[in-house]
Amino acid sequence: MYTKCKEGKHPLKEISRTSDGFTDKVIRWCPDCGAIVIDMESDGRVYPGRYQKMKLTVLCKEKIHNNDI
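Here goes a summary of the coordinates provided. Not measured: the values here are computed from a predicted model.

Cut-offs used in this document
- Residues numbered from 1 in each chain as written.
- Predicted model: local features only at pLDDT ≥ 70, side-chain atom pairs only at ≥ 80, totals over all residues.
- Heavy atoms only, no water.
- Helix = DSSP H or I, 4+ residues; strand = E, 2+ residues; numbered from the N terminus.
- Buried < 20%, exposed > 50% of the residue type's maximum accessible area, 1.4 Å probe, protein only.
- Contact = heavy atoms within 4.5 Å.
- Pairing = 2+ DSSP bridges.
- Axes fitted to C-alpha atoms, helices over the stretch in contact; angles between N-to-C directions.

### Observations concerning the environment of Met54
As for its placement among the helices and strands, Met54 is situated in strand β4 (residues 45-55). Given a relative accessible area of 33%, Met54 falls into the partly exposed group. For the pair Met54 and Ile38, spaced 16 residues apart in sequence, the C-alpha separation works out to 7.4 Å. In contact with Met54, other than residues within four places in its own chain, are His10, Leu12, Ala35, Ile36 and Val37.

### A few points about the side chain of Thr23
By secondary structure assignment, the location of Thr23 is in the loop between β1 (13-19) and β2 (24-29). On the accessibility criterion, Thr23 (15% relative accessible area) is buried.

### Some remarks on the sheet that holds strand β3 (residues 36-42)
Here four strands make up an open sheet; going across it, the order is β1-β2-β3-β4 and the pairing antiparallel. Whereas interior strands pair on both sides, the edge strands pair on one side only; in this sheet they are β1 and β4. Adjacent strand axes in the sheet meet at a mean angle of 25° when their direction is disregarded. Alignment of β2 against β3, held across six bridges, turns out to be antiparallel. Each bridged residue has a counterpart across the sheet, and for Asp24 the counterpart in β3 is Glu41.

### Let's talk about the pairing of β2
Every second residue of β2 is oriented toward a common face, the buried set being Asp24, Val26 and Arg28 and the non-buried set Lys25, Ile27 and Trp29. When β1 meets β2, the two strands line up antiparallel, connected through six bridges. Across the sheet, the residue bridging to Arg17 is Val26, located in β2.

### Notes on the environment of Thr57
Secondary-structure assignment places Thr57 in the loop between β4 and α2 (58-65). A relative accessible area of 28% places Thr57 in the partly exposed class. For Thr57 and Gly34, which are 23 residues apart along the polypeptide, the C-alpha to C-alpha distance reads 6.0 Å. Discounting chain neighbours no more than four positions away, the residues touching Thr57 are Cys33, Gly34 and Ala35.

Here it is, written out as structure tokens:
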């Protein structure tokens, strides 16, 4: 379940999108490990983590540290 997440390949799901007319602020969440990131999209390009870099949950951090995933 967490194998892809450990490799940095999170199956991100879009949970929110807001627009100022020029750019979109997109909140994405990983249903496997609970990580969240807030990206910017403009002209069809994604700027990962522009508003907030990916943050892992405490549980996910513990599993990675203990090599449980």
